[in-house]
Amino acid sequence: MPQAKKKSISAIPEGNQIAHRLSESFFILTILLAVYLIACLGSYDPTDPGPFNTVASDRVSNLGRILGAWLANFFLFLTGYLAYLVPVILVFIGWLVYDRAGKPLEKAGPLEWLARLTGLLLFTLSATGLAHLHTLPAAGTMPAGGGGVIGLQVAMPLMQVTGLLGSTLFLLAMVLVGLTLFAGISWFRVMDLTGKYTLAALAWLGKSATDLRDWVAGRLDKAKRV
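Residues numbered from 1 in each chain as written. Predicted model: local features only at pLDDT ≥ 70, side-chain atom pairs only at ≥ 80, totals over all residues. Heavy atoms only, no water.

For helix H3 (residues 65-79), spanning 15 residues, the distance from its first C-alpha to its last is 21 Å, which sits close to the expected 21 Å at 1.5 Å a residue. Within H3, the full set of buried residues consists of Gly68, Ala69, Ala72, Asn73, Leu76, Phe77 and Thr79. Where H3 ends, the next residue or the one after it, Gly80, has phi of about 65 degrees, a positive value. (Helix = DSSP H or I, 4+ residues; strand = E, 2+ residues; numbered from the N terminus. Expected span 1.5 Å × (residues − 1). Buried < 20%, exposed > 50% of the residue type's maximum accessible area, 1.4 Å probe, protein only.)

By the secondary structure assignment, Leu171 is in helix H6 (residues 148-183). Separated by 16 residues in sequence, Leu171 and Ala155 place their C-alpha atoms 8.8 Å apart. Sequence-distant contacts of Leu171, that is, excluding residues within four places in its chain, are made with Ser126, Gly129, Leu130, Leu133, Val154 and Leu158. (Contact = heavy atoms within 4.5 Å.)

Next up on the list: the confidence of the model for the protein chain. With 88% of its residues at a pLDDT of 70 or more, the protein chain has an overall mean of 83. Taken element by element, the predicted model of the protein chain shows its lowest mean pLDDT in helix H1 (residues 2-10) (47) and its highest in H3 (91). This stretch, residues 1-12, has a pLDDT under 50; its non-local contacts, to residues over four places away or in other chains, come to three contacts. (pLDDT = per-residue confidence, 0-100.)

The geometry of H3 relative to H6 is characterised by a closest axis approach of 2 Å and an angle of 10 degrees between their N-to-C directions. Our classification of the angle between H3 and H6 gives roughly parallel. Across the interface between the two elements, Leu76, Phe77, Leu78 and Thr79 from H3 touch Gly148, Val149, Ile150 and Gly151 from H6. Each residue belonging to the contact of H3 with H6 can be placed in one class, and the counts come to five nonpolar, three polar and no charged. (Axes fitted to C-alpha atoms, helices over the stretch in contact; angles between N-to-C directions. Parallel < 35°, antiparallel > 145°, perpendicular 65-115°, else oblique. Nonpolar A, V, L, I, M, F, W, Y, C, P; charged D, E, K, R; others polar.)

The geometry of helix H4 (residues 86-100) relative to helix H5 (residues 110-134) is characterised by a closest axis approach of 13 Å and an angle of 170 degrees between their N-to-C directions. The pairing of H4 with H5 is recorded here as roughly antiparallel in orientation. The segment H4 lies against H5, with Ile89, Phe92, Ile93, Leu96, Val97 and Arg100 engaging Glu112, Trp113, Arg116, Leu120 and Phe123. Looking at the contact of H4 with H5 residue by residue, the classes come out as eight nonpolar, no polar and three charged.

A separate point is the environment of Leu181. Tracing the backbone through its elements, the reader meets Leu181 in helix H6. Measuring from C-alpha to C-alpha, the distance between Leu181 and Glu112 comes to 8.9 Å, with 69 residues separating the pair along the chain. Leave out the neighbours within four places in its chain, and Leu181 touches Ala115, Arg116, Thr118, Gly119 and Leu122.

Written as structure tokens, this is what we have:
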């Protein structure tokens, strides 16, 4: 097995080996950055200094210190609660680069990356709009509401045209479209898997209930005999 692995690695062209190493390094870097962002966002304090914080003390309580406080204030001000998904999106982008490295151009061409970028943009705009419509953070906890400035700019004009129900349905549809383009999620496949595992769970529950009933009946029969 080790000889087969060495042979397969050595069979990769030199250019593809370099691309693979660079993409692997980029993937590791995104993981480390995601961990740092999680720490920064998790320890966010409204009184810390930031680019959009006009009232701030000299004391910094953020785990990422000055840079962490600025990053947390920046992402929360722009995207609201969606900022907590930024580390996940960052790791997913790193995995995409790692997964596509060394593949032929027709399998990982500019058109695919354009579609993914468009999906990410649609998801960001629609998710922040939904967060602005349906979240109400406590006063002083978020720099610019649950959806940030982006959510405010998306939701308010849409509310004036379509109302709350229409805005919610439209933005939810855009979230699904954005996830399909960005992450390659097939919602028909999701529905098939959901139905499959739901039926399997119901069958397991029915079998468990039958087994339990038989076990109880057996214990009662045994008790009567005794």
